[in-house]
Amino acid sequence: DESDFKAAESESEDDAADMEVESDGGADEDDQDDEDKKKKAAKSSVSKPAAKKVCPPPVKAASSMLPRPQPTPAGATAARSNKAPAEVRKDERTTNFEKKNVDRYAWLLEQKDAKKREPNDDDFDPRTLYIPQSAYAKFSQFEKQFWDIKKENFDVVLFFKKGKFYEMFEGDADVGHKHLHLKLTDRVNMRMCGIPEGQFSTYATRLVALGFKVGRVEQMETMNAMQKRAQKDKVRTGSTVCERELCEILTQGTVSDESMLEGPQANFLLTVCCGGKANDEYGVCLLEASTGVFYVGQFVDDVQLTQFETLLLRAKPREVVYPKGGLDPTAMKLIKRHLNNPLLNALDEDVQFWDAEKSEWELNAAAYFVNADAVERQHTKVEVWPEVLQTVHKEGSKLALSAVGGCVWYLRSLKLDSELVSMKNFRHMRDFEGERVGSLVIDGQTLCNLEILENSNGTTEGTLLKRLDKCSTAFGKRKFRTWICAPLRDVKGIRARLDAAEHLSSDNHARAALSKLLRQLPDVERRLSRVHMQGSGRKQGVMFDDTGARKLRAFLQLLDSIEILCKARDSLVKEGLLGEDAKIALPHVDFPEEVREKLESFKSSYGDLQHAMEVGYITPERGLYTDYDEAHDRLLAVEKSLNDELKSWKKQLGESSLKFWSAATGKEPYQMEIPVSYVEAKGRKLPNDLELKSQTSKVRRYWTPTIKKLVLELVDARETLDELRQGMSRRMQVDFDSHYSLWAQAVDAVAHLDCLLSLSYTCEEDGSGPVCRPLLLDEEETTPGNAADVGAELE
């Protein structure tokens, strides 16, 4: 049931693995057989039941590398004499590995942070690691690359890209072995385990759910690019390693990939700080990373921290960031009481959790709020900030601005700040609480006592939310949860909702048509956010599977979803529910008219999108982009030269059955196949310039000097064209994202429509009892006389 790199099971394969770590050359060109074994083993691992949900402190995940197993006593050899030869060799390899490394990593037994502080020090930083220079000097080039990243992220489980696989080393490998049931093996000086590239999300999700931080380290260049760099620097290819960078860190509160989230409900990260003369003022920043929304606010709380408790119970954040030693003990008790194993991050005050002045400077220095296509990202001013942040700054809400600063620093440490902050999607905390629309604020204890969101067992069974929520879309469900937590107190607003629900209930044809359209929609709100993230210049690294094609297809599917939103609007107009001649007003269903026009204009700018969906890349019209045309022509020319070379050899050898063969891995492609029968017939002798590359019982495969040269040109031409295609895809998404507010307005309108449809189903009799519509009077309408009339009418 455990994923196993079978390559470590034989001595010869061990040697190959040793070379891979030392030179890092060919890491992405493993044989197909090895890949098949890895994928098959990883597949069996995925089917294994998930481990029991335990959330160990992050430092424990990293410190699992501390205890090094001692070498096996020499007398134990006799006890293995009855074992199979393969097991004996494996035991010997393990013993040799332990003998070699027991002193090599002795410094880890006394862990210290980057400033040489020990764990019992109050200021100890578990995120960093001190590596003695004497130990660092003994590392290979690859080990130095690994530890340079690990020492700055010691509390993060790193998935290290090597070719078409992600590998985990040392303490991270122990985590993978224990929690992911991956087989632990060794590569030269490092214990390791690994997974295929396409399985990253599956395994990362499981670790994040267990409370770990998960980092993704990507190769930033191809093997061809690395070889070119080595030649330029005049160094031997085998003595260098691929450039790699830590591209992102995933945590419980910052997961934005829809496939890694448990359900449609919001997933919050809370940043909080307190101050004031009585330490009763709170600054908060609530982030929903999957939609890129920041809620910012500051408030004065009572002794029981009622407002803070209400915020915790409504948002249920999965992760909390706060200044070390700077949060009221009562607040910490509430966090631990109401949240289910949250990930807690204590930041150093001022240095990491910035004050208001430092936050202002950092936001301007990073130029988060300039346009994505700006040539220069110069130091900005408060005037370009989103309106909500400008208001916070103008009102002097220093704690709120400090909370934003703490959140931005934390996102920066996770490599997520640019893509999330640059969305400019900041809202006031009053929008989250519902105060701006005249809503009733329900405190935390009332939410619990009335079991509005959760019952006493922590589930939704029997709750008001469970009873009323019949929404068809994920973004509609999130909106409806907000409605439940902030019920209207404005009589006119309540009447408008009831009128809309009653009308939709009576017009079953229109309601059924609308519900059918809405059920076709994915989580458009989250996908809009992903488009911005992917177009924000985020470093992706080199992907060896069809990641780029899948992302493009997902984007094109989003365009189809926007089309469905437009169809929903058309249906509303057709049924007389929207427009000047509408039979009834649907509150907040303000669908912008220009969405379809903007969508059609956008689609027409990028050629045949149906073809792009099929092939996985954008093909611009010839003459539109000169660099693309030149790269494409170059690739065709190289392919033609290869075919000409094949024809030449067919003529020279007088054998028409010659053809090219390429391995599925892409390693050494365009091998010329010659039948064994031809070679052996009449003792034919092949020319000396044919280099044997591979063979089977029926054919032998060769390269010629010309083929070898053309293959290098082919690889370079393909990489150039792929880079241009990725750039076009990003350009397309940046263009689409420039109209984010328009798309978001359409999504919000449909979310409100979905909520009204949900209420329309609720106001029908379903066998649980009769239903009625309450008669509500506002204060102006309530007089002793008409109140008596109403009472008599009801009686």
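See above for the structure.
Remember, it's a predicted structure, so these values are computed and weren't measured experimentally.

Enquirer: Would you mind going over the packing of aromatic side chains with me for this structure?
Expert: The geometry of two aromatic rings is summed up by the distance between their centres and the angle between their planes. Applying the stated criterion across every chain, the model contains 25 aromatic pairs. Between F139 and W147 the ring centres are 6.2 Å apart and the planes differ by 20 degrees, which places this aromatic pair in the stacked class. Residue classification places F139 among the buried residues on the basis of a relative accessible area of 5%. Taken together, the aromatic side chains of W107, Y136, F139, F142, F146, W147, F160 and F169 make up a single cluster linked through ring pairs. We note R511 situated over the ring of Y761; from NZ or CZ to the ring centre the distance is 4.0 Å.

Enquirer: Honestly, the side chain of S422 in this entry has me stumped. Any pointers?
Expert: Within the secondary structure, S422 is located in the loop between helix 15 (417-421) and strand 12 (426-428). What makes S422 buried here is its relative accessible area of 13%. A distance of 2.9 Å separates the side chain of S422 from the side chain of H532, its partner in a polar contact. S422 has contacts with Y368, D417 and H532, leaving out every residue within four places of it along the chain.

Enquirer: What exactly am I supposed to notice about the sheet that holds strand 10 (residues 319-323) here?
Expert: Strands sit in the order 11-10-7-8-9-12 across an open sheet of six strands; the sheet is mixed. The open sheet has two edge strands with one neighbour each: strand 11 (343-347) and strand 12. Adjacent strand axes in the sheet meet at a mean angle of 20 degrees when their direction is disregarded. Direction of pairing for strand 8 (residues 281-288) relative to strand 9 (residues 293-300): antiparallel, over a ladder of eight bridges. Within the sheet, the bridge partner assigned to V284 lies in strand 9 and is G297. The strands touched by helix 10 (residues 306-315) are strand 7 (268-275), strand 8 and strand 9; relative to strand 7, the strand with the most contacts, the crossing angle is about 170 degrees.

Enquirer: What is the right way to look at the pattern of salt bridges in this model?
Expert: A pair can form between side chains of opposite charge whenever their charged atoms are brought close. Inspection of every chain in the model, using the stated rule, returns 39 salt bridges. Where R216 meets E248, a salt bridge forms, and the shortest distance between an N and an O atom there is 2.9 Å. Of the two residues, R216 sits in strand 5 (residues 213-219) while E248 sits in strand 6 (residues 244-250), which places them 32 residues apart along the sequence. Where K324 meets D348, a salt bridge forms, and the shortest distance between an N and an O atom there is 3.2 Å. Of this pair, K324 sits in the loop between strand 10 and helix 11 (329-338) while D348 sits in the loop between strand 11 and helix 12 (356-366), and the two are 24 residues apart along the sequence. Judged by its relative accessible area of 26%, D348 is partly exposed.

Enquirer: I would appreciate a short explanation of the sheet that holds strand 14 (residues 671-675) in the present structure.
Expert: The pairing of strands in a sheet comes from backbone hydrogen bonds and takes either a parallel or an antiparallel form. The strand order 13-14-16-15 describes an open sheet built from four strands, whose pairing is antiparallel. Edge positions in the open sheet fall to strand 13 (659-661) and strand 15 (691-695), since each of these has one partner strand only. Neighbour-to-neighbour, the strand axes of this sheet turn through a mean angle of 45 degrees, independent of strand direction. Relative to strand 16 (residues 699-703), strand 15 runs antiparallel, the two sharing four bridges. The residue of strand 16 that forms the bridge with S694 is R701. On the sheet, helix 26 (residues 626-653) packs against strand 13 and strand 14 and is oriented at approximately 130 degrees with respect to strand 13. Strand contacts of helix 28 (residues 705-737): strand 13, strand 14 and strand 16, with the helix running at about 70 degrees to strand 16, the strand carrying the most contacts.

Enquirer: When you look at the packing of helix 22 (residues 524-535) against helix 28 in this model, what are you seeing that I'm missing?
Expert: Packed helix pairs are characterised by how far apart their axes lie and by the angle those axes make with each other. Their axes nearest at 9 Å, the elements helix 22 and helix 28 cross at an angle of 130 degrees. In terms of orientation, helix 22 lies oblique with respect to helix 28. Between helix 22 and helix 28 the crossing geometry is left-handed. Contacts from L528, V531, H532, Q534 and G535 of helix 22 reach helix 28 at R730, Q733, V734, F736 and D737. For the contact of helix 22 with helix 28, a count of residues per class yields four nonpolar, four polar and two charged.

Criteria and cut-off values
- Residues numbered from 1 in each chain as written.
- Predicted model: local features only at pLDDT ≥ 70, side-chain atom pairs only at ≥ 80, totals over all residues.
- Heavy atoms only, no water.
- Phe/Tyr/Trp six-rings, centres within 6.5 Å; stacked < 30°, edge-to-face > 60°.
- Buried < 20%, exposed > 50% of the residue type's maximum accessible area, 1.4 Å probe, protein only.
- Lys NZ or Arg CZ within 6 Å of the ring centre and 35° of its normal.
- Helix = DSSP H or I, 4+ residues; strand = E, 2+ residues; numbered from the N terminus.
- Polar contact = N/O pair within 3.5 Å; in protein donor to acceptor, adjacent residues only side chain to side chain.
- Contact = heavy atoms within 4.5 Å.
- Pairing = 2+ DSSP bridges.
- Axes fitted to C-alpha atoms, helices over the stretch in contact; angles between N-to-C directions.
- Salt bridge = Lys/Arg side-chain N within 4 Å of Asp/Glu carboxyl O.
- Parallel < 35°, antiparallel > 145°, perpendicular 65-115°, else oblique.
- Left-handed = near helix turned anticlockwise from the far one by under 90°.
- Nonpolar A, V, L, I, M, F, W, Y, C, P; charged D, E, K, R; others polar.

Just distances and angles here, no functional claims.
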